[in-house]
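Residues per chain, in single letters:
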Amino acid sequence: MTAPASPLVQLRDVSYSYPSSPAPVLRDLSFTIEPGEIVALLGPSGAGKTTLCLAMIGIVPQFHRGRFFGELTVNGQDVLAEPIHRLSRSVGLVLQDPAAQLVTNSVENEVAFALENAELPVAEIRRRITAALAAVHLSSMAQKHPHQLSGGQQQRLAIAAALALQPPLIVLDEPTSQLDPTSTAEVFALIRELNARDGTTFLIASHASEEIAATADRALVLNAGSLVADAPIATVMGDPDLLASLQLRPPEVVATFA
């Protein structure tokens, strides 16, 4: 009999305080994420969503320091023990301001940057650049400067740069907060496409309730650093009282028929 696969992400009693925090920012979090899931990370401002996203790749606590308790493993790697540059092979992180993540002078060089730092062979770097840009539908813009792209295209480029290292998990922290509705729809359509085609796992912190309701399988809801709900996305989005208590806007269809 085949043993069940281990969770891709596992937290056991995780708490964390920044060096200057008077109280924990994360409190006794325990949950798992399975390979292939799209998981929404919901909660009001200050709930701890960004801190949890940073913890997935070890930036918390390795860079920010502070006090970390419990166990967090991603793809079998302990985020306390594994260097961040190695964790980046397992976790791609995309932040809310794509322009702040883009550091080179061309689209293809942006994708190549992490691959070169990983010291991959030149032929493999070229193959991955081609594949990553095709995956996010930016092949025709390989020679453009990133600042020539629209906001939605810049966010897709940031996702391509994360994809190129072929991590099993991509974490997105408010990836569409600065985008217009059309670009927001494009980014979420890309997430669904990559998940369906490649089985890429996503953890998405977002306030885009319409899109997240149509994209995620499941929701983790944080409030004041604690996990207050872990349920199918339809269950969470169908509970207007829960959403209102967390200052989250329900999807329009829920608000209309509530």
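Residues numbered from 1 in each chain as written. Predicted model: local features only at pLDDT ≥ 70, side-chain atom pairs only at ≥ 80, totals over all residues. Heavy atoms only, no water.

Draft legend 1. Quick peek at the pattern of salt bridges. According to the stated counting rule, one finds nine salt bridges in the structure shown. Here arginine 127 ties to glutamate 124 by a salt bridge, and the two come within 2.8 Å at their closest N and O atoms. Taken as a pair, arginine 127 and glutamate 124 lie in helix α6 (residues 122-135) at a separation of three residues, close to a single helical turn. Take arginine 127: its relative accessible area is 43%, and that puts it in the partly exposed class. A salt bridge links aspartate 230 to arginine 218; the nearest nitrogen and oxygen atoms lie 2.8 Å apart. Of this pair, aspartate 230 sits in strand β10 (residues 226-232) while arginine 218 sits in strand β9 (residues 218-223), and the two are 12 residues apart along the sequence. For arginine 218, a relative accessible area of 12% puts it in the buried group. Shared partners join several salt bridges into a network, and the residues in it are Glu37, Arg218 and Asp230. (Salt bridge = Lys/Arg side-chain N within 4 Å of Asp/Glu carboxyl O. Helix = DSSP H or I, 4+ residues; strand = E, 2+ residues; numbered from the N terminus. Buried < 20%, exposed > 50% of the residue type's maximum accessible area, 1.4 Å probe, protein only.)

Draft legend 2. Looking closely at the sheet that holds strand β1 (residues 9-17). Reading across the sheet, the four strands line up as β2-β1-β4-β5 and stay open at both edges, with antiparallel pairing between neighbours. Only two strands of the sheet have a single partner each, and these edge strands are β2 (26-33) and β5 (77-78). In this sheet, β2 lies alongside β1 in antiparallel orientation, the contact comprising five bridges. Across the sheet, the residue bridging to valine 14 is leucine 29, located in β2. (Pairing = 2+ DSSP bridges.)

Draft legend 3. Structural detail: unusual backbone geometry. The peptide bond linking valine 60 to proline 61 adopts the cis configuration, its omega dihedral lying at 10 degrees. With respect to the helices and strands, the residue proline 61 is situated in helix α2 (residues 59-62). At aspartate 13, a position not held by glycine, the phi torsion is positive, near 50 degrees. Along the polypeptide, aspartate 13 turns up in strand β1. Judged by relative accessible area, which is 49%, aspartate 13 ranks as partly exposed. With a phi angle near 60 degrees, histidine 137 is a residue other than glycine that sits in the positive phi range. You can see histidine 137 is positioned in the loop between α6 and α7 (151-163). Overall, the relative accessible area of 47% leaves histidine 137 in the partly exposed class.

Draft legend 4. Focus on the nonpolar core. Core analysis: the biggest nonpolar cluster contains 53 residues, and Leu133 and Ile159 have the highest contact counts within it. With six residues, the single largest contributor to this core is α7. Residues contacting isoleucine 159, with those up to four places away along its chain left out, are Val94, Val136, Leu172, Val187, Leu190 and Leu194. Of all hydrophobic cores here, the second largest spans 32 residues; its members include Val9, Leu41, Phe68 and Ala205. (Core = buried A, V, L, I, M, F, W, Y, C linked by side-chain atoms within 4.5 Å. Contact = heavy atoms within 4.5 Å.)

Draft legend 5. Structural context of the pairing of β1. When you tally the buried positions in β1, you get seven out of nine residues, the bulk of the element. Where β1 lies against strand β4 (residues 67-74), seven bridges are found, and the strand directions are antiparallel. Its bridge partner lying in β4, tyrosine 16 is registered against phenylalanine 68.

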